[in-house]
Amino acid sequence: TWHLKKIPQIVSERTFSLESPKFEAKTKLELKSVCGIECQRKLPAPSSSDLKDLLSYETVFENGTRTLTEVNVLGLVLDPAGNTTTRRSSRKKRQIYGTDSRFSIYDKRFMTNFPFNTAVKVSTGCSGILISPKHVLTAAHCLHNGKDYVKGSKRLRVGLMKTKSRGDGRKRKGAKRNSMPSFQWTRVKSTHIPKGWFKGVSGDIALDYDYAVLELKRPHKRKYMELGISPTIKMMPRSMIHFSGFDNDRSGQLVYRFCSISDESNDLFYQYCDAEPGSTGSGVYLRLKEPNKKKWKRKIIAVYSGHQWVDVNGEQQDYNVAVRITPLKYAQICFWIHGNDENCTQG
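Residues numbered from 1 in each chain as written. Predicted model: local features only at pLDDT ≥ 70, side-chain atom pairs only at ≥ 80, totals over all residues. Heavy atoms only, no water.

Within an unreviewed UniProt entry, the label attached to the protein chain reads Inactive serine protease 35, and the organism entered is Pygoscelis papua. Its UniProt record gives the protein chain the following Subcellular location (unreviewed entry) comment, quoted word for word: "Secreted". The Sequence similarities (unreviewed entry) field of the UniProt record for the protein chain holds the comment "Belongs to the peptidase S1 family." (UniProt positions renumbered as here; feature names shortened; annotations may be inferred.)

Below you can see the structure in the form of structure tokens.
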């Protein structure tokens, strides 16, 4: 069941202009040397002043101008335990290089309907998910490498799926017509990235803050997916997560996968969902029951960040990593969508 949680308040304190970015960074679809499971365990819990700094955010507008908004966090109960991780039995782990368990969605009845129609393509080569009539959630590193904005992010566009048929429209007798997605491209009006992404852990980029929200220039009329607060592994049915994106090795196809989570920290899920670059930025979702109702509801609980090498017991091990939507991140993303915190008191 989805459990309602009280959300801390994020309030903007002041906004000031920064110089325009250079937009010269190269897009990296795979990140290196990130604070892994062992490193996460040793990190102290951030203080209130740390969080104010990490959750302050940059906004880049389509004309290339940039602002920094400093925020305050109200009503937050800090966890004294720090950034703990939960160890799970290694028998449940699936080999990432084993049988490819991804599904390509060809049938346009599925492709253009919920939940698959919420998947979008970002023009820098990543995926994203519709979270409001005008907003898309994706990974921060699709737009910024920790030092500068990537080349393609100056004229950023989002592709919403529409379907066209292969071939010239004449159907031969007995021939099946495959649908493949084509995209209706929409310009992005502004982009929000948390300052935590630029600050990094131990001088490196901080995967915990690898998320960004894009505001579209024009609203779409499609069904979008609501945000949810990420439950712990043990609160998920069979620990299973789902996500769909546009993997580079299956050009022009929407690719869906589901798998179980192997490990978790306060901010990250470590799993072995089969995924290739291009699916980065996809919305990871769950289907749980609504409180006091018989209805099931899908909600986004994480952003897929990509393949990582992480230190586990002094050895390098590879995982696919997703950034969890915690109550704080829920408050921030909700604030970006609505422009105030009135609609963001519970999640």
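There is more to say, and it comes next.
A. Seen up close, the state of the cysteines. Per the counting criterion, the structure on display carries 2 disulfides. A sulfur-sulfur distance of 2.1 Å marks the disulfide that ties Cys126 to Cys142. Between Cys126 and Cys142 the disulfide shows an S-S torsion of about -95 degrees. By sign, it is left-handed. Here the residue Cys126 occupies a position in strand β7 (residues 126-130), and Cys142 occupies one in the loop between β8 (135-138) and β9 (157-165), the gap between them amounting to 16 residues. For Cys126, a relative accessible area of 0% corresponds to the buried category. Classification of Cys142 by relative accessible area gives buried; the value is 0%. One disulfide in the model links Cys334 with Cys344; its S-S distance is 2.1 Å. Here Cys334 and Cys344 share a disulfide; its torsion about the S-S bond, -85 degrees, makes the bridge left-handed. Taken together, the positions of Cys334 in helix α5 (residues 327-338) and Cys344 in the segment after α5 put the pair 10 residues apart, joining distant regions of the chain. (Disulfide = S-S within 2.5 Å. Helix = DSSP H or I, 4+ residues; strand = E, 2+ residues; numbered from the N terminus. Buried < 20%, exposed > 50% of the residue type's maximum accessible area, 1.4 Å probe, protein only.)

B. Expanded view of the packing of aromatic side chains. Here the structure, examined in full by the defined rule, presents 8 aromatic pairs. Ring geometry for Tyr256 against Phe258: centres 6.0 Å apart, planes inclined by 35 degrees, an arrangement best described as tilted. Of the residues examined, Tyr256 reaches a relative accessible area of 14% and is grouped as buried. Among the aromatic residues, those joined into a ring-pair cluster are Tyr57, Tyr209, Tyr211 and Trp336. The cationic tip of Arg157 hangs over the ring face of Trp185; the distance from NZ or CZ to the ring centre is 4.7 Å. In this structure, Lys329 is placed above the aromatic ring of Tyr209, and the distance from its NZ or CZ to the ring centre is 5.5 Å. (Phe/Tyr/Trp six-rings, centres within 6.5 Å; stacked < 30°, edge-to-face > 60°. Lys NZ or Arg CZ within 6 Å of the ring centre and 35° of its normal.)

C. Looking closely at helix α2 (residues 48-55). Within α2, burial applies to Leu51, Leu54 and Leu55. Down the axis of α2, the sector holding all buried residues measures 85 degrees, keeping them to one side. (Arc of directions from axis to C-beta.)

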